[in-house]
Amino acid sequence: ESYFADILANKDKEQYQAFVAFANKHKLWYNPGGILDPVNIANQYCYMEMYPETIEYYNRGLNELDVTGYRGTGVEPGVYISNIPRVIKAYEEEGRDSEIMTFLIQSREALGDAFRLRMNYQIAKYALENETALDEGNKALAYCKANYKENRYFSIENINALEERM
């Protein structure tokens, strides 16, 4: 573990890529497939502040989502959605803010119904906090209000607070 932690702390891209290749070849990663999926790779690039790579691998993860009942192939949707703030940070750090809303909308569609409420909340929150794509943010907020179910990610009070900011 300390070897891996040192690679990340030193932001050593070459050693990191060698580690990923070795771990994947020998199926040493802790997930059921034994390999590092694109989102885990993206998260580690984000930790190393390598934002173009973070964006690249998170978008690969979008294309490899396994929404049919995670079986260790592809990207687990819960890991994907929980780490979206990292890719948003990467887009912002790279000055690519204009791409964020498109990415969030694509993610909402790819994740499907099981994550639709949570993704709509993220879209509404991002749009309103950043005063961008307000039409899309308003639609997402309306969806949240009409389809709200108690959850651990946001409350009806959070929705109402966003609505007051409109």
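Just above sits the structure.
Notes on the structure follow.

A few points about the overall build of the protein chain
At step 1: Tallying secondary structure elements over the protein chain gives 10 helices and 0 strands in all.
At step 2: Ordered by position from N to C terminus, the α and β elements of the protein chain give α-α-α-α-α-α-α-α-α-α.
At step 3: Expressed as lengths along the three principal axes of its C-alpha atoms, the size of the protein chain is roughly 50 × 35 × 25 Å.
At step 4: Excluding contacts between residues fewer than 6 apart, the proportion of contacts in the protein chain whose partners are at least 24 apart in sequence is 50%.
At step 5: Accessible area for the protein chain stands at about 9,100 Å²; split by element, carbon and sulfur atoms hold 48% of it.

Description of the pattern of salt bridges
At step 1: Taken as a whole, this structure holds 11 salt bridges when the rule is applied.
At step 2: Between Lys125 and Glu129 there is a salt bridge, with the nearest N and O atoms lying 3.1 Å from each other. Separated by 4 residues within a single helix, Lys125 and Glu129 lie in helix H8 (residues 116–130), roughly one turn from each other.
At step 3: With a relative accessible area of 32%, Lys125 lands in the partly exposed category.
At step 4: With a relative accessible area of 40%, Glu129 lands in the partly exposed category.
At step 5: Connected through salt bridges with shared partners, the residues Arg108, Glu109, Asp113, Arg116, Glu136 and Lys139 form a single ionic network.

Thoughts on the side chain of Glu53
At step 1: Note on placement: Glu53 falls in helix H4 (residues 51–63).
At step 2: Those residues within four positions of Glu53 in sequence are excluded, and the remaining contacts are Lys13 and Tyr45.

Some words on the nonpolar core
At step 1: Core analysis: the biggest nonpolar cluster contains 50 residues, and Tyr16, Tyr58, Tyr80, Ile84, Phe103 and Leu104 have the highest contact counts within it.
At step 2: The element that contributes the greatest number of residues to this core is H8, accounting for 8 residues.
At step 3: In contact with Ile84, other than residues within four places in its own chain, are Tyr58, Leu104, Ser107, Met119 and Gln122.

Here we look at a negative patch on the surface
At step 1: Among the surface-exposed residues, Glu92, Glu93, Glu94 and Asp97 lie close enough to one another that they form a single negatively charged patch.
At step 2: Position of Asp97 relative to the elements: it lies in the loop between helix H6 (84–93) and helix H7 (100–111).

So, unusual backbone geometry
At step 1: Non-glycine residue Glu49 carries a positive phi angle of around 60 degrees.
At step 2: If you trace the backbone, Glu49 turns up in the loop between helix H3 (38–47) and H4.

Structural notes on helix H1 (residues 2–10)
At step 1: Phe4, Ile7 and Leu8 are the residues of H1 that are buried. Buried residues in H1, looked at end-on, bunch into an arc of 95 degrees, giving them a common side. Away from its buried face by more than 90 degrees, H1 exposes Ser2 and Asn10.
At step 2: In this fold, the buried residues of H1 make contact with helix H2 (13–25) and H3.
At step 3: Just downstream of H1, Lys11 is the residue with a positive phi angle, here 55 degrees.

Comments concerning the environment of Phe19
At step 1: Tracing the sequence through the fold places Phe19 in helix H2.
At step 2: A residue is classified by how much of its surface remains accessible, and Phe19, at 17% relative accessible area, is buried.
At step 3: Through-space distance from the C-alpha of Phe19 to that of Ile7 is 8.8 Å; in sequence the pair is 12 residues apart.
At step 4: When sequence neighbours within four positions are dropped, the list of residues in contact with Phe19 reads Tyr3, Phe4, Ile7 and Trp29.

What counts as what
Residues numbered from 1 in each chain as written. Predicted model: local features only at pLDDT ≥ 70, side-chain atom pairs only at ≥ 80, totals over all residues. Heavy atoms only, no water. Helix = DSSP H or I, 4+ residues; strand = E, 2+ residues; numbered from the N terminus. Contact = heavy atoms within 4.5 Å. Areas by Shrake-Rupley, 256 points an atom, 1.4 Å probe, with all protein chains shown as cover. Salt bridge = Lys/Arg side-chain N within 4 Å of Asp/Glu carboxyl O. Buried < 20%, exposed > 50% of the residue type's maximum accessible area, 1.4 Å probe, protein only. Core = buried A, V, L, I, M, F, W, Y, C linked by side-chain atoms within 4.5 Å. Patch = residues over 30% accessible without salt bridge, like charges linked within 9 Å, V, L, I, M, F, W, Y side chains within 5 Å. Lys, Arg positive; Asp, Glu negative; His and termini not counted. Charge placed at Lys NZ, Arg CZ, Asp CG, Glu CD. Arc of directions from axis to C-beta.

Shape is all these values report; function is a separate question.
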